[in-house]
Amino acid sequence: MKKNKGITLVALIITIIVLLIFAGVTISMIFGDNGIINKAKIAKNNTNKSQFEENIEIAETTYKLTLKVENEQIAYEELKRTIDNYGYSYEEENKILKITNNEYTKTINLEQIEQENESMKWMKENDLIVTSSNIDNYSSKYPGIGEGTVFLNYNINQKDIYNPRDLSLASAQYGLSLISIYEKTNDNEDLEKAKLIGNNILNNKVFEKEYAHANNTSGTMLTCISSENKMNNGKWTYNSDYYTYPLDSLMSCKFLIELTRKTGDFKYAETAIKVINTWIYIQKEVGIGALPNYMYYTDELSWGEGMWPTWTEYPLDISYSLYLAGMSAYQYTGDIKFKEFVDNYFSFVNKSFKDYNGTFTFIKNGTKYKLPYEYICKENSTYKGKNQSNQNYTNSETNDITTDQLFYIILGLTLYNKDSEYVSEFLQTIDILQFEDGKFWGEYTINGEKGNFEETDIEILNSAFYIRALKICNKTGNISKIVEMLIKNRQSSEDQNVEGAWTWNASDKSYVIETLATSVIIQELYTDGI
């Protein structure tokens, strides 16, 4: 008897249930929150948003480029045409352009861009650096001067140099500002100028001399960078005194390493590494982690000519440049000795505060405040803090403290360990020394009052350093007010041909541009630094 083959009711029900489950999964995969259709919508929205942001970035870049060759009005009209072509709507209020496309919105800060552009333009128009285009103007006044020289001071009214000097610390910072501008604009002209400064250092500031300590009859050849070039006996003189200060030398090394990073030319970093190795060697000779205030060339040693250090003053104000140079060398080479160089130095700094009376305190409005001395000096067999180099040790701890040197100490400490108790204490003091939203006197007494030695003017450089310290410690709340103060204190030249030239000087003495201050301000305000 033949059996009927067919599906049972139970099997049919099971099949239907399985199909429903598959259908539910399929519907969920297609229409659910994480389904194909929703993901496609999200992908489309992301693409639209990315395209919108890219278009605004293109429009903003076009605006910046137009500002380089046209006035603000023409550049703004071009910007609006670009936005119209994209089909976006926009409205402007207080120099903020708000651009909208359906649910997407983005703003362009026109005032900030104009200020950035003006600062970049300022760097190009003022002859702070000797190039092939202006060297003929200077060679008659300063015979022997070479390309890449950076003048410390420039009078924008007289269109001439004020007190002609090329201070290595200032030229290195100027070079760093050119690199930071290049990173912002990709304008090769800025990088080429930075290379001129680097070549000037290699060709005219680097020197080698034999070094021997005490009565040694043989020495070690050291590579050094001189502190400045200047007029001497009627001509521009390179390495005239063969003085090398670690503050200037190490900042120059930081610049040279960054220049290699941007150009790919190893000669800059190779020289920097040699110079840093010199200071590592000297640090070992000193034996306590410190460096001498300076070293100089002499031909009066019993065994012949060579380098000779001062063994009685150990500066704390090299903290900033030493950290930048040492850590840059460590990152560039991977050699741990450069980090140890930094660690050994800051071990000495902290020991100075703890054991060598390296800090002083004062009371203001009933509260005790603490600051570091600029130097630790060795007198007989004891160490103690002092301010102002090259003054008599008698009562030297009562000398005024120079504010920029104070910031060099604090910035170095902050970079090395921003959570240090000393950083917290010093920044608390700095906060009460500043006035009118970030202004500082050039010097302060040990009682926290306006200085009375030499530099009693307001120095805007210190405001830029203050911004840098606040950024490192993520205390950015007051930075906008300080920036506003700096903009208000930008002085315009009386010369209509250099309208809006920036001198960054809160005093009314002159319209002299100070290269170091301007370089640091441009890094902090407009290019996010190095």
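Residues numbered from 1 in each chain as written. Predicted model: local features only at pLDDT ≥ 70, side-chain atom pairs only at ≥ 80, totals over all residues. Heavy atoms only, no water.

## Considerations on the pattern of salt bridges
Put simply, the rule is: Definition used for salt bridges: Asp or Glu carboxyl oxygen within 4 Å of a side-chain nitrogen of Lys or Arg. A run of DSSP states H or I qualifies as a helix once it reaches four residues; a run of E qualifies as a strand once it reaches two. Both are numbered from the N-terminal end. Exposure classes here rest on a 1.4 Å probe applied to the protein chains alone. A residue is buried below 20% of its type maximum, exposed above 50%, and partly exposed in between.
This structure, assessed with the given rule, holds 17 salt bridges. Between lysine 193 and glutamate 189 there is a salt bridge, and its shortest N-O distance comes to 3.9 Å. Highlighted residues: lysine 193 and glutamate 189, both in helix H7 (residues 188–205), separated by four residues, approximately one helical turn. Judged by relative accessible area, lysine 193 falls into the buried class, the value being 12%. Salt-bridge contacts for aspartate 355 lead to lysine 351; the nearest nitrogen and oxygen are separated by 3.0 Å. In this pair, aspartate 355 and lysine 351 are both assigned in helix H11 (residues 336–355), four residues apart and thus about one turn of the helix distant. Under the relative-accessibility criterion, lysine 351 is labelled partly exposed at 38%.

## With respect to the nonpolar core
Put simply, the rule is: Throughout this description, the term nonpolar core refers to a set of buried Ala, Val, Leu, Ile, Met, Phe, Trp, Tyr and Cys residues connected via side-chain atoms within 4.5 Å. Note on definitions: a residue-residue contact is assigned when non-hydrogen atoms from the two residues lie within 4.5 Å.
One finds Phe255, Ile276, Leu322 and Phe348 to be the most contacted residues of the largest nonpolar core, which totals 114 residues. In terms of residue count, helix H9 (residues 266–286) provides more of this core than any other element does, ten residues in total. Setting aside anything within four residues of it in sequence, one finds phenylalanine 348 in contact with Ile288, Gly289, Ala290, Tyr314, Leu316, Tyr356 and Ile376. In terms of nonpolar packing, the next biggest core, distinct from the first, is built from 16 residues, Phe52, Ile56, Leu79 and Leu110 among them.

## Concerning unusual backbone geometry
The phi torsion of most residues other than glycine is negative, and most of the peptide bonds are trans. Phi angles above zero are rare outside glycine, and asparagine 365 is one such case at about 55°. You can see asparagine 365 is positioned in the loop between strand E15 (359–364) and strand E16 (367–372).

## Regarding the confidence of the model for the protein chain
This is how it is decided: Confidence of the predictor in every single residue is expressed as pLDDT, which spans 0 to 100.
Of all residues in the protein chain, 76% have pLDDT values of 70 or greater, and the mean over the chain is 79. By mean pLDDT, strand E13 (residues 306–309) is the weakest element of the protein chain at 57, and helix H10 (residues 319–333) is the strongest at 97. When the criterion is pLDDT under 50, residues 300–305 qualifies, and its contacts beyond four places in sequence or with other chains add up to 14 contacts. Of the regions scoring below 50 in pLDDT, residues 495–510 engages in 49 contacts with residues more than four places distant in sequence or in other chains.

## With respect to the packing of helix H8 (residues 246–263) against H9
The condition that has to hold: The convention used is that axes are lines fitted to C-alpha atoms, helices contributing only their stretch in contact, and that angles between N-to-C directions extend from 0 to 180 degrees. Each angle receives one of four descriptions, namely roughly parallel if under 35 degrees, roughly antiparallel if over 145, roughly perpendicular if within 65 to 115, and oblique otherwise. When the near helix sits turned anticlockwise from the far one by under a right angle, the crossing is termed left-handed; a clockwise turn instead gives a right-handed crossing. Any residue outside Ala, Val, Leu, Ile, Met, Phe, Trp, Tyr, Cys, Pro, Asp, Glu, Lys and Arg is labelled polar, Gly included; the first ten of those are nonpolar and the last four are charged.
Running from N to C, H8 and H9 point in directions that differ by 150°, and their axes come no closer than 7 Å. Taken together, the axes of H8 and H9 are roughly antiparallel relative to one another. Here H8 and H9 pass one another in a crossing that is left-handed. Contacts between H8 and H9 pair Pro246, Ser249, Leu250, Cys253, Leu256, Ile257, Leu259, Thr260 and Thr263 from the former with Phe266, Tyr268, Ala269, Ala272, Ile273, Val275, Ile276 and Trp279 from the latter. Its residues assigned to classes, the contact of H8 with H9 comprises 14 nonpolar, three polar and no charged.

## Quick notes on a nonpolar patch on the surface
As a reminder, the rule being used: Only residues whose relative accessible area exceeds 30% and that take part in no salt bridge are eligible for patches, with like-charged residues grouped when within 9 Å of each other and nonpolar side chains (Val, Leu, Ile, Met, Phe, Trp, Tyr) grouped when within 5 Å. For the area figures, the Shrake-Rupley method with a 1.4 Å probe applies, and any residue is considered shielded solely by the protein chains shown.
Side chains of Leu9, Leu12, Ile13, Ile16, Ile17 and Ile21 sit close together on the surface and give an oily, nonpolar patch of about 550 Å² of accessible area. Residue placement: isoleucine 17 occurs in helix H1 (residues 9–31).

## Some details on the sheet that holds strand E9 (residues 228–232)
Rule in force here: The pairing criterion for strands is at least two bridges between them, as found by DSSP.
Strand order across the open sheet formed by three strands is E6-E9-E10, with antiparallel pairing between neighbours. In the strand order of this sheet, the two ends are held by strand E6 (165–167) and strand E10 (235–237), each with one partner. On average, each strand axis in the sheet is tilted by 20° relative to the strand beside it, whichever way the strands run. Direction of pairing for E9 relative to E10: antiparallel, over a ladder of three bridges. Paired with asparagine 232 across the two strands is lysine 235, which belongs to E10. Sitting on the sheet, helix H6 (residues 168–185) is in contact with E6 and E9, with an inclination near 70° to E6.

## Quick notes on the pairing of strand E2 (residues 96–101)
Bridging between strand E1 (residues 89–93) and E2 involves five bridges; their strand directions are antiparallel. Pairing of glutamate 93 across the sheet is with isoleucine 96, part of E2. The turn joining E1 and E2, which pair antiparallel and follow one another in sequence, is formed by two residues; a positive phi near 55° is taken by asparagine 94. Hairpin remark: E2 followed by strand E3 (residues 104–109), antiparallel, with two residues in the connecting loop; positive phi at asparagine 102, about 60°.

## Comments concerning the packing of aromatic side chains
Rule in force here: Side-chain rings of Phe, Tyr and Trp, where Trp is taken by its six-membered ring, are said to pair if the distance between their centres is within 6.5 Å; with planes under 30 degrees apart they count as stacked, over 60 as edge-to-face, and otherwise as tilted. Think of it as a cone above the ring: NZ of Lys or CZ of Arg counts as a charge over the ring if it is within 6 Å of the ring centre and within 35 degrees of the ring normal.
Per the counting criterion, the structure on display carries 28 aromatic pairs. Arranged with centres 6.3 Å apart and planes meeting at 25°, the rings of tyrosine 320 and tyrosine 408 form a pair that is stacked. Here tyrosine 320 is found in helix H10, whereas its partner tyrosine 408 is found in helix H12 (residues 403–416), with 88 residues between them in sequence. We classify tyrosine 320 as buried; its relative accessible area is 3%. A network of ring pairs unites the aromatic residues Tyr314, Tyr323, Tyr345, Phe346, Phe348, Tyr356, Tyr383 and Tyr416 as a single cluster. The side chain of lysine 450 reaches across the aromatic face of tryptophan 441, ending 4.3 Å from its centre.

## A word on the side chain of asparagine 200
Our working definition: Whenever a nitrogen or oxygen atom comes within 3.5 Å of another N or O atom, the pair is scored as a polar contact, on the condition that within protein one atom can donate a hydrogen and the other can accept it, and that pairs from neighbouring residues in sequence are kept only if both atoms are in side chains.
With respect to the helices and strands, the residue asparagine 200 is situated in helix H7. A residue is classified by how much of its surface remains accessible, and asparagine 200, at 2% relative accessible area, is buried. Polar side-chain contacts of asparagine 200 include one of 3.5 Å to the side chain of aspartate 166.

## Overview of the side chain of serine 249
Relative to the elements of secondary structure, serine 249 occurs in helix H8. Taking the relative accessible area as the measure of exposure, serine 249 reaches 0% and is therefore buried. Those residues in contact with serine 249, other than ones at most four positions away along the chain, are Ile225, Thr244, Val275 and Trp279.

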